[in-house]
Amino acid sequence: MPTYRIELFEGRSVEQKRKLAEEITRVTTEVLGSAPESVDIIITDVPRHNWATGGKLWSEQN
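Just so you know, these numbers come straight off a predicted model, no measurement behind them. (Residues numbered from 1 in each chain as written. Predicted model: local features only at pLDDT ≥ 70, side-chain atom pairs only at ≥ 80, totals over all residues. Heavy atoms only, no water.)

Visitor: Would you explain the packing of aromatic side chains in this entry?
Guide: We describe a pair of aromatic rings using the distance from one ring centre to the other and the angle between the two ring planes. With the rule as written, the count across this model stands at two aromatic pairs. Considering the side-chain rings of Phe9 and Trp51, the 4.9 Å spacing of their centres and the 55° angle between planes classify their relative orientation as tilted. Of this pair, Phe9 sits in strand β1 (residues 3-9) while Trp51 is found in the loop between β2 (40-46) and β3 (52-53), placing the two residues 42 residues apart along the sequence. On the basis of relative accessible area, Trp51 is assigned to the partly exposed category, the value being 28%. A cation sits over an aromatic face here: Arg48 above Phe9, 4.1 Å from the ring centre. (Phe/Tyr/Trp six-rings, centres within 6.5 Å; stacked < 30°, edge-to-face > 60°. Helix = DSSP H or I, 4+ residues; strand = E, 2+ residues; numbered from the N terminus. Buried < 20%, exposed > 50% of the residue type's maximum accessible area, 1.4 Å probe, protein only. Lys NZ or Arg CZ within 6 Å of the ring centre and 35° of its normal.)

Visitor: I tried to follow the pairing of β2 on my own but got confused; where do I start?
Guide: Taken residue by residue, a regular strand's side chains alternate between the two faces of the sheet. Relative to β2, β1 runs parallel, the two being bridged by seven bridges. Each bridged residue has a counterpart across the sheet, and for Tyr4 the counterpart in β2 is Ile41. (Pairing = 2+ DSSP bridges.)

The structure is reproduced here in structure tokens:
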């Protein structure tokens, strides 16, 4: 069934990621009627120096 790939700036706690995964799974099962066991979520922590927007690294933004 669905696989979600989520990229976040590093620094979120395990509890925040757990809650995010629970809520995404809950909504997915409600909307798609799928079993919770079929929902995969991959969370990737990205350092700010590895992410740029508008040509500027987030680690260098004010």
